[in-house]
Amino acid sequence: GQLVESGGGLVQPGGSLRLSCAASGFTFSSYAMRWYRQPPGKERELVARITGDGGSTYYADSVKGRFTISRDNVKNTVYLQMNSLKPEDTAVYYCKAVRVAVLVEYWGQGTQVTVSS
């Protein structure tokens with residue numbers, strides 16, 4: 001399986017970005033999807049996750065109310081809409097596909113998000 005992220009870039013504080021993660025090579029709807037981020041000099045952290053059918057989501061407290069995770073199981077793509085961005089949101093953002101039942105997971109290569117004036 002393969003995951004390819006896109007949509008990162010430089011944005012001013014208060015701005016918005018939408019990240020995309022396109023999946024291929026596996027049955028996308030059978031996998032839960034997660035977005036992680038790794039700020040400079042820090043450990044990778046979970047930002048948001050969504051179930052295979054899109055019916056349930058979870059957000060880290062630091063992004064709750066500002067970020068929205070969604071998926072399109074026809075386009076095999078998961079999204080992360082990021083609003084009201086803050087400098088502390090600066091990080092490399094990664095998507096991950098997980099199928100716990102068979103202990104299979106795939107990672108994307110990451111996309112840089114920089115929030116700065």
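Remember, predicted model here, so these are calculated numbers, not experimental data.

### A word on the overall build of the chain
Next, step 1: Scanning the chain from terminus to terminus reveals 0 helices and 11 strands.
Next, step 2: Walking the chain from its N terminus toward its C terminus, one meets helices and strands in the order β-β-β-β-β-β-β-β-β-β-β.
Next, step 3: Over its C-alpha atoms the chain spans a radius of gyration of 13 Å, differing by no more than 12% from the 13 Å that the globule rule assigns to 117 residues.
Next, step 4: In terms of overall dimensions, the chain has a C-alpha envelope of 45 × 25 × 25 Å along the principal axes.

### Thoughts on the state of the cysteines
Next, step 1: Applying the stated criterion across every chain, the model contains 1 disulfide.
Next, step 2: Note that cysteine 21 is cross-linked by a disulfide to cysteine 95, the S-S spacing being 2.0 Å. The S-S bond linking cysteine 21 to cysteine 95 shows a torsion near 55 degrees; that makes this disulfide right-handed. On the criterion of sequence distance, the pair formed by cysteine 21 in strand E3 (residues 17–24) and cysteine 95 in strand E9 (residues 91–99) is long-range, its members being 74 residues apart.

### Some thoughts on the nonpolar core
Next, step 1: The biggest cluster of nonpolar side chains holds 30 residues, and the ones touching the most others in it are Leu3, Trp35, Leu80, Met82 and Tyr93.
Next, step 2: Sorting the residues of this core by element identifies E3, strand E4 (32–38), strand E5 (45–50), strand E7 (67–72), strand E8 (77–82), E9 and strand E11 (111–115) as the ones contributing at least two each.
Next, step 3: Beyond its immediate chain neighbours, meaning those up to four positions away, tyrosine 93 contacts Glu5, Leu19, Trp35, Tyr36, Arg37, Val47, Phe67, Leu80, Met82, Gly110, Thr111 and Val113.

### A look at the packing of aromatic side chains
Next, step 1: Tallied over the full model, the rule gives 6 aromatic pairs.
Next, step 2: An angle of 40 degrees between the planes, with centres 5.9 Å apart, marks the rings of tyrosine 31 and tyrosine 106 as tilted. Placement of the pair is tyrosine 31 in the loop between E3 and E4 and tyrosine 106 in strand E10 (residues 104–107), with a sequence separation of 75 residues.
Next, step 3: Here tyrosine 31 falls in the buried class, since its relative accessible area comes to 6%.
Next, step 4: Each residue in the set Phe26, Phe28, Tyr31 and Tyr106 is aromatic and connected to the rest through ring pairs, giving one cluster.
Next, step 5: Note that arginine 71 overlies the ring of phenylalanine 28, its terminal NZ or CZ placed 4.3 Å from the centroid.

### Quick look at the sheet that holds E7
Next, step 1: Here 4 strands make up an open sheet; going across it, the order is E1-E3-E8-E7 and the pairing antiparallel. Of all the strands in the sheet, just strand E1 (2–6) and E7 have a single pairing partner and so form its edges. Shown here is a sheet whose adjacent strand axes are inclined to one another by a mean of 15 degrees, direction ignored.
Next, step 2: Across 6 bridges, E3 lies against E8 in antiparallel orientation. Opposite alanine 22, over in E8, you have threonine 77 as the bridge partner.

### Section: the pairing of E1
Next, step 1: Of the two faces of E1, the one holding Leu3 and Glu5 is buried and the one holding Gln2, Val4 and Ser6 is not buried anywhere.
Next, step 2: Summarising the sheet, E1 and E3 pair through 5 bridges and their orientation is antiparallel. Looking at E3, one finds that glutamine 2 is bridged to serine 24.

Procedures and definitions
Residues numbered from 1 in each chain as written. Predicted model: local features only at pLDDT ≥ 70, side-chain atom pairs only at ≥ 80, totals over all residues. Heavy atoms only, no water. Helix = DSSP H or I, 4+ residues; strand = E, 2+ residues; numbered from the N terminus. Rg over C-alpha atoms; globule rule 2.2 N^0.38 Å. Disulfide = S-S within 2.5 Å. Core = buried A, V, L, I, M, F, W, Y, C linked by side-chain atoms within 4.5 Å. Buried < 20%, exposed > 50% of the residue type's maximum accessible area, 1.4 Å probe, protein only. Contact = heavy atoms within 4.5 Å. Phe/Tyr/Trp six-rings, centres within 6.5 Å; stacked < 30°, edge-to-face > 60°. Lys NZ or Arg CZ within 6 Å of the ring centre and 35° of its normal. Pairing = 2+ DSSP bridges. Axes fitted to C-alpha atoms, helices over the stretch in contact; angles between N-to-C directions.

Such coordinate-based values are descriptive only and should not be taken to indicate function.
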